[in-house]
Amino acid sequence: MKMLTQIAAWASVGCVAALASAQQADAQQDVVFLSTQLRPIEEAQKVREVILKDFKGKVTYLVEEPSPFDVRVRAEGQAGKRTISLVGALHGELSALQPTGNLDSLDDVVAKLTDRGIPANLMELGKFGTGKQVYVPWMQATYIMVAKKEALQYLPAGANIDTLTYGHLEAWGKAMTDKTGKRLLGFPAGPKGLMPRFFEGYLYPSFTGGVVTPFRSPEAETMWTQFKSLWRYVNPNSTSYDFMQEPLMGGEVWVAFDHVARVKEALVQMPDDFVTFPAPAGPKGRGYMPVIAGLAVPKDAPNRAGAIALIEHLTRPETQITTAAEVGFFPIVKAQLPADLSPGIKLIASAVAKTQDAKDALPALLPVGLADKGGEFNKVYFDTFQRIVLRNEQPRTVLDAQAAALKGIMEATKAPCWAPDKPSQGACPVN
Amino acid sequence: MSARSKLLPYLLLAPSVLFLAALFVVPLFETIALSFSDNGAPSLAHYQRMAGDLNFWPAIRNTFLLVLTVVPLQVALALGMASMLQKLPRGRDLILWIWTIPLGVSDLAAGLVWLAIMQERGYLTSALAALGLIDGPTQWLTYETPGTLFVAILLAEVWRATAIVFIILVAGLQLIPKEYREAAEIFGASPWTTFLRITLPLLKPSLQTALILRTVLAFEVFAVVYAIAGRNFPVLVGEAYVWQRDNQAYGVAAAYAVLIVVISLAATLFYLRVLRNKSEQRP
């Protein structure tokens with residue numbers, strides 16, 4: 001028996017050693033690129049086979065969901081054994097990592113990217129207000145509305161689909177319900193749906209001109225009352241929808257709001273069945289949330305030079321165009337999208353452009369400075385929705401109670417206001 | 001007996017004990033510590049947040065409602081199935097095999113199967129519509145239809161997990177010596193009396209095991225509910241998952257975990273006490 005134990009022990013030591021040396025050897029040539037974006041297998045394959053094809057050097061493209069991603073980057077830093085050289089993640093995910101000191105400064109890289117034409121305000125986002133570049137913008141997306149062409153006949157008279165208001169949307173939903181007997185508006189309010197972003201980037205800015213400061217304002221009270229009235233025409237399955245593409249393709253929903261990546265399949269597979277347009281406007285403008293993904297290099301990355309070369313490759317106009325065409329994320333650099341884009345991607349591109357260029361566009365940034373409280377921040381908005389809209393509680397009571405929770409989060413993180421709230425000294429106030 | 005052979009059993013058990021200690025006992029204590037501390041200081045803040053959350057009471061209510069309906073239903077069904085199996089002259093193995101198929105299906109898969117049956121355009125709605133019993137696709141699994149949502153979860157749970165109770169009871173029935181029943185027959189006891197006075201009391205140890213196992217697992221119900229109802233039917237483990245994963249508030253998730261452990265322990269102690277076996281009743 002003793003001998004057996006010894007053999008087992010030696011075998012396991014051998015395995016670990018072999019793995020470790022294999023990893024070391026790889027690290028010298030490979031750039032391990034870990035991303036929370038482009039996770040579905042088809043998209044990851046596009047990254048490996050198309051987007052990274054012309055890159056001189058070897059890249060191991062790995063994907064990870066946001067929560068394990070965060071844990072892995074932190075754990076590698078704590079263990080002092082870094083395997084990842086480049087990370088790609090959303091602004092909010094990187095902002096949670098930034099205070100942990102796991103991300104290297106990229107000031108030297110920025111100098112090499114001056115010819116890319118990345119807009120200064122996007123570049124500034126990548127500094128998190130620290131004065132040094134933490135990430136380089138990689139690609140962007142936003143949220144759009146998609147409608148089945150059958151729904152267009154019920155558009156309220158005088159409403160232009162590209163300049164809808166929330167009043168129009170409600171009237172549209174009502175007309176569809178009256179004529180078909182079904183509730184055909186849809187929102188991604190399922191467990192993994194991005195509904196909180198609708199409140200933070202669309203509803204609140206459109207009605208109150210802010211997100212945090214006017215949280216419990218009289219305008220917010222009016223807004224929730226109106227949204228509750230609109231919800232009468234929303235498919236009750238909405239609280240199970242994570243991605244709107246399936247209900248759209250199945251015809252369960254005719255008019256939907258979602259992130260472009262989450263309606264893409266419907267548009268790519270059935271481009272002739274759908275139209276796309278910007279989200280509605282409220283009294284304060286057409287709130288919308290640009291979603292920025294960025295590239296960052298972890299501290300003590302095993303192949304920093306390779307990571308930088310990869311950043312240069314990914315931000316090239318031609319790579320950015322390929323990225324848009326293949327996976328439907330749009331360039332952060334000045335790049336003319338080619339005319340021969342697939343019809344589905346073209347539908348997305350046109351809605352994104354119409355959203356950005358709308359006269360009343362009111363960009364609402366992703367929350368900054370909330371560190372690991374991002375989830376709880378979303379919860380405040382989703383809970384408010386649940387209580388007022390789904391459980392019929394009084395808007396005033398709910399707003400006062402949830403405002404206290406929001407205030408707690410803002411004070412604990414000391415996060416200053418972000419657009420469209422007015423800049424603040426210290427924690428963003430909840431009035 | 002040499003010293004070495006005396007040690008051998010302990011040596012053989014040591015790896016599994018160490019394994020459990022490292023991967024169960026240590027995390028358990030860490031979870032308890034995490035739930036009772038806030039920024040390093042002892043605190044009940046996480047428990048306050050847990051109890052103050054809008055989904056806390058619905059989660060408690062739903063979990064208990066499920067346990068209190070699913071477990072008795074499963075025990076009754078399993079008892080019936082096991083007794084029927086005993087009476088079969090032939091083909092017992094085949095039926096045993098068919099009845100235990102759900103044991104091999106993961107709970108998430110079971111949830112998805114029932115989702116496919118019960119959802120708006122699922123098999124059940126399509127079949128009922130074809131028979132003219134309902135108008136067309138019907139939404140039974142939304143936040144607006146808590147009743148049918150609960151029934152769907154109940155059906156899925158009963159379908160999925162009755163087999164484990166059944167297996168334990170079949171084993172228990174086989175342990176009961178034939179002589180007792182034969183004696184009862186000779187004295188003219190009816191089958192019902194035999195069942196109540198002989199089978200049931202002698203089955204108590206197996207019933208106890210089955211009840212503890214099923215109740216503890218029912219308090220941990222999650223994947224089936226998640227697949228069928230998403231967030232529309234909050235349960236305790238689901239809330240722990242949401243706090244951990246979506247809200248990234250590990251302390252509150254730990255508080256939920258501790259609460260679930262406490263409830264499970266209480267249920268186990270309850271069964272141990274109520275169904276305890278007096279020595280004179282043992283076969």
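In this text the structure is predicted, and so the values were computed from the model without any measurement. (Residues numbered from 1 in each chain as written. Chains lettered and ligands numbered in written order. Predicted model: local features only at pLDDT ≥ 70, side-chain atom pairs only at ≥ 80, totals over all residues. Heavy atoms only, no water.)

### Considerations on the pattern of salt bridges
Residue and element names in this part refer to chain A.
Part 1: As enumerated under the stated definition, the model contains 25 salt bridges over all chains in all.
Part 2: A salt bridge links Glu 76 to Arg 72, with the shortest nitrogen-to-oxygen separation between them at 3.3 Å. One end of the pair is Glu 76 and the other is Arg 72, both in helix α3 (residues 66-79) and 4 residues apart, which spans about a single turn.
Part 3: With its nearest N and O atoms 3.3 Å apart, the salt bridge here joins Arg 232 to Glu 170. On the criterion of sequence distance, the pair formed by Arg 232 in the loop between α9 (218-230) and α10 (245-250) and Glu 170 in helix α7 (residues 166-180) is long-range, its members being 62 residues apart.
Part 4: A relative accessible area of 15% places Glu 170 in the buried class.
Part 5: What you see here is one network of salt bridges that share partners, running through Arg 216, Glu 221, Arg 396 and Asp 400. (Salt bridge = Lys/Arg side-chain N within 4 Å of Asp/Glu carboxyl O. Helix = DSSP H or I, 4+ residues; strand = E, 2+ residues; numbered from the N terminus. Buried < 20%, exposed > 50% of the residue type's maximum accessible area, 1.4 Å probe, protein only.)

### Some thoughts on the state of the cysteines
Residue and element names in this part refer to chain A.
Part 1: Counted by the stated rule, this structure contains 1 disulfide over all chains.
Part 2: With a sulfur-sulfur separation of 2.0 Å, Cys 417 is cross-linked through a disulfide to Cys 428. An S-S torsion of about 90° defines the bridge between Cys 417 and Cys 428 as right-handed. You can see Cys 417 sitting in the segment after α16 (395-413) and its partner Cys 428 sitting in the segment after α16, a full 11 residues away along the chain.
Part 3: Residue Cys 428 is classed as buried on the basis of its relative accessible area of 3%. (Disulfide = S-S within 2.5 Å.)

### Side note on the sheet that holds strand β5 (residues 143-148) of chain A
Residues and elements named next belong to chain A.
Part 1: Spatially, 4 strands are ordered β6-β7-β5-β8 in an open sheet, and the strand pairing comes out mixed. The open sheet has two edge strands, β6 (185-186) and β8 (274-277), and neither has a second partner.
Part 2: Direction of pairing for β6 relative to strand β7 (residues 255-259): parallel, over a ladder of 2 bridges. Across the sheet, the residue bridging to Gly 186 is Ala 256, located in β7.
Part 3: Sitting on the sheet, helix α14 (residues 343-357) touches β5 and β8, and the angle it makes with β8 is about 25°. (Pairing = 2+ DSSP bridges. Contact = heavy atoms within 4.5 Å. Axes fitted to C-alpha atoms, helices over the stretch in contact; angles between N-to-C directions.)

### Some remarks on the interface of chain B and chain A
Part 1: At the interface, 25 residues of chain B touch 27 residues of chain A.
Part 2: Per-residue buried area on chain B facing chain A is highest for B:Leu54, B:Tyr143 and B:Arg231; these three make up 29% of the total on that side.
Part 3: Taken together, the links from chain B to chain A amount to 4 salt bridges.
Part 4: Between B:Glu144 and A:Arg183 there is a salt bridge whose closest N-O contact spans 2.8 Å.
Part 5: Taken together, the links from chain B to chain A amount to 12 residue pairs in polar contact (both at pLDDT 80 or more).
Part 6: Considering every element that reaches the side of chain B that touches chain A, the biggest residue donor is helix α12 (residues 236-245) of chain B, with 3 residues. (Buried area = accessible area lost by both parts, 1.4 Å probe. Polar contact = N/O pair within 3.5 Å; in protein donor to acceptor, adjacent residues only side chain to side chain.)

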